[in-house]
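Here is what each chain is made of, one letter per residue.
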Amino acid sequence: MADFDLQSADGRLEALRRMVTIRAFDEEAGNRFADGEIPGFVHLYIGEEAVGVGTCAALEPDDYIASTHRGHGHCIAKGLDPKLMMAELYGKADGYCNGKGGSMHIADVDAGMLGANGIVGAGPPLATGAALTIDYQDRDQVAVSFCGDGAVAQGQVHEAINLAATWDLPAIFVVENNGYGEGTPLDEQHNVENLSDTAQAYDIPGLTIDGMDVTAVAEAVEEARNRARSGDGPTLVEAKTYRYRGHYEGDEEPYRDEEEVERWQDRDPIQSFRQRLIERGELTAEEFEEMRAEVEETIEEAVDYAQEAPAPEAHEAYDDMFVETVPEIERFANAARARSDGGRERRRSNGGD
Ligand SMILES: Cc1ncc(C[n+]2csc(CCOP(=O)(O)OP(=O)(O)O)c2C)c(N)n1
Ligand SMILES: [Mg+2]
């Protein structure tokens, strides 16, 4: 059984909670980034929550996902802990990758999260590789990759889908078509209107669905999962969606106008699902507010945790690079260790640490 699905009222509430959590996490990540607390870049998933959550609702807990540079939402949808995620954004030693990955490289292989990725289009080859392992070891799992509309024009995405299709691997390719690759609109990137049409080139099913509707996403991915598990190979699911924020935080967005953003916000995935659950008698407006308050508290705790967590030591930069010890790397690590010990010694003799 999936850890949540859309077949039960409890599962639907959990899906709503995960979407609310993604939005609250990313709003706070945006605020903290603006305050200069988070190094690097952050790309927010606000507006696209139904794609990540609908996909994960159709998966089993041990299925794999491979994410993108806009990956916070995928992590939360897969059940990762916002505390350890926020610590990773802050570059702290307690983060998922000991603070060495940051926003664009959160991974938790035990939870089936193969990694966010700063390289556009890097998810599909990871999913094809994981699907090959699943197939080879005859395991009852699937591997899903998320990628953007921009990534679909990338060579390695074509290679990955082509191989998975040719070998009938249990992979699912979820394309998050949010209408833009950075500031370039879809019609300046592609010669087709529906990216699912590209599935024809691989002779696999291609579906275009409403990515603002969590139920539509879950149904499509469930169908794709059943097909993959039957040995019939991959499916390409194009979810049409929209990011409310700029490409990255700080983007001045000269390529679109406010009206376009508002048109999509009118179809907000959280508000529409909330409304549907209220109409079904599964939620009241008060209960939704309680859920939101609980989520906000969780996110505040995550920020407190991240702010207070220790930074990694300099020599830890050399950990986790190779499976076997490499003498040169050991030498660099020891030199860094000696430098930080020396620094600590100097601070102590100056009366502080
Ligand atoms: C291989 C590669 N090329 C270019 C970039 C720079 N880049 C970062 S995000 C991005 C746009 C990606 O657009 P899309 O795949 O639609 O994802 P979205 O940002 O819309 O979620 C580009 C070109 C990169 N990170 N990696
Ligand atoms: Mg895009």
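Before reading further, recall that the structure is shown in the block above.
Each value, and the rule that gives it
Residues numbered from 1 in each chain as written. Chains lettered and ligands numbered in written order. Predicted model: local features only at pLDDT ≥ 70, side-chain atom pairs only at ≥ 80, totals over all residues. Heavy atoms only, no water. Donors = N, O, S within 2.8 Å, 3.2 Å for Na, K, Ca; no water. Buried < 20%, exposed > 50% of the residue type's maximum accessible area, 1.4 Å probe, protein only. Helix = DSSP H or I, 4+ residues; strand = E, 2+ residues; numbered from the N terminus. Expected span 1.5 Å × (residues − 1). Near = heavy atom within 4 Å. Polar contact = N/O pair within 3.5 Å; in protein donor to acceptor, adjacent residues only side chain to side chain. Areas by Shrake-Rupley, 256 points an atom, 1.4 Å probe, with all protein chains shown as cover. Nonpolar A, V, L, I, M, F, W, Y, C, P; charged D, E, K, R; others polar. Disulfide = S-S within 2.5 Å. Pairing = 2+ DSSP bridges. Axes fitted to C-alpha atoms, helices over the stretch in contact; angles between N-to-C directions. Contact = heavy atoms within 4.5 Å. Right-handed = clockwise from strand over helix to strand, strands pointing away. Patch = residues over 30% accessible without salt bridge, like charges linked within 9 Å, V, L, I, M, F, W, Y side chains within 5 Å. Salt bridge = Lys/Arg side-chain N within 4 Å of Asp/Glu carboxyl O. Lys, Arg positive; Asp, Glu negative; His and termini not counted. Charge placed at Lys NZ, Arg CZ, Asp CG, Glu CD. Phe/Tyr/Trp six-rings, centres within 6.5 Å; stacked < 30°, edge-to-face > 60°. Lys NZ or Arg CZ within 6 Å of the ring centre and 35° of its normal. Parallel < 35°, antiparallel > 145°, perpendicular 65-115°, else oblique. Left-handed = near helix turned anticlockwise from the far one by under 90°.

The next thing to look at is the coordination of the magnesium ion (ligand 2). Geometry reference: four tetrahedral donors at a metal, ideal angle 109.5 degrees. Six octahedral donors, ideal angles 90 or 180 degrees. The protein atoms that coordinate the magnesium ion (ligand 2) are D149 (OD), N178 (OD1) and Y180 (O), at distances of 2.1 to 2.2 Å. As a motif over one chain, the donors of the magnesium ion (ligand 2) read D-x28-N-x1-Y. For the pair N178 and Y180, a shared accessibility class is recorded, and that class is buried.

So, about helix α1 (residues 9-34). A rise of 1.5 Å per residue sets the reference length of α1, with its 26 residues, at 38 Å; its end C-alpha atoms lie 38 Å apart and thus fit the reference within 8%. One or two residues past the end of α1 sits G36, with phi positive at roughly 80°.

Near ligand 1 you find 15 residues, and of these H69, R70, G118, G150 and N178 are the closest. The contact in question runs from an oxygen atom of ligand 1 to an N or O atom on the backbone of G150, over 2.8 Å. In the complex, the protein chains occlude 72% of the 580 Å² of accessible area that ligand 1 would expose alone. Here the residues of the shell around ligand 1 sort into four nonpolar, eight polar and three charged.

Inspection of the entire model under this criterion finds zero disulfides. Looking at C147, it has no disulfide partner, and the nearest cysteine sulfur is the one in C56, 15 Å off. You can call C147 buried: its relative accessible area is 4%.

Taken together, the five strands give an open sheet; going across it, the order is β1-β2-β3-β7-β6, and neighbouring strands pair in parallel fashion. Both outer strands of the open sheet, β1 (64-66) and β6 (206-210), are each paired with one neighbouring strand and no more. For this sheet, the mean angle separating the axes of adjacent strands, direction not counted, is 20°. In the packing of helix α2 (residues 49-57) onto the sheet, contacts are made with β1, β2 (143-148), β3 (171-177) and β7 (235-240), and the angle to β2 comes to roughly 170°.

Time to look at the environment of A58. When you line up the elements, A58 lands in the loop between α2 and β1. Judged by its relative accessible area of 13%, A58 falls in the buried class. Between the C-alpha atom of A58 and that of T215, which follows or precedes it by 157 residues, the distance is 9.7 Å. Those residues within four positions of A58 in sequence are excluded, and the remaining contacts are A218, V221, E222 and R225.

What follows covers the pairing of β7. Extensive coverage of β7 is indicated by the burial of five of its six residues. Sheet topology places β3 next to β7; six bridges connect them, and they run parallel. Note that in β7 the partner of V175 across the bridge is E238. In terms of handedness, the path from β6 via helix α7 (residues 214-229) over to β7 forms a crossover that is right-handed.

What follows deals with helix α4 (residues 82-89). Counting buried positions along α4 yields six of eight residues, so the element is predominantly enclosed. Here the buried face of α4 lies against α1, α3 (72-77) and α10 (285-308). Of the residues flanking the start of α4, the one acting as N-cap is D81, its side-chain oxygen 2.9 Å from the backbone nitrogen of K83. Just downstream of α4, G91 is the residue with a positive phi angle, here 75°.

A cluster of acidic residues, E27, E296, E297, E300, E301, D304 and E308, forms a negative patch at the surface. Top element by residues in the negative patch is α10. It accounts for six residues. Its place among the elements puts E301 in helix α10.

To continue, consider the packing of aromatic side chains. Per the counting criterion, the structure on display carries four aromatic pairs. Between the aromatic rings of Y242 and W264, the centroid separation amounts to 5.1 Å while the plane-to-plane angle is 5°, which identifies the pairing as stacked. Of the two residues, Y242 sits in the loop between β7 and α8 (258-265) while W264 sits in helix α8, which places them 22 residues apart along the sequence. A relative accessible area of 2% places Y242 in the buried class. The ring of F288 has R274 lying over it, and the distance from NZ or CZ to the ring centre is 5.1 Å.

Unlike most non-glycine residues, E182 shows phi in positive territory, near 50°. Mapped onto the fold, E182 is located in the loop between β4 (180-181) and β5 (184-185). The exposed category is assigned to E182, whose relative accessible area is 52%. Its identity as a non-glycine residue notwithstanding, D203 has a phi of 55°, on the positive side. Along the chain, D203 turns up in the loop between β5 and β6.

Attention shifts here to the packing of α1 against α4. For the pair α1 and α4, the least separation of the axes is 12 Å and the interaxial angle reads 25°. With respect to their mutual orientation, α1 and α4 come out roughly parallel. Between α1 and α4 lies a crossing of right-handed hand. Contact residues: T21, F25 and A29 in α1; P82, M85, M86 and L89 in α4.

The analysis is restricted to geometry; functional conclusions fall outside its scope.
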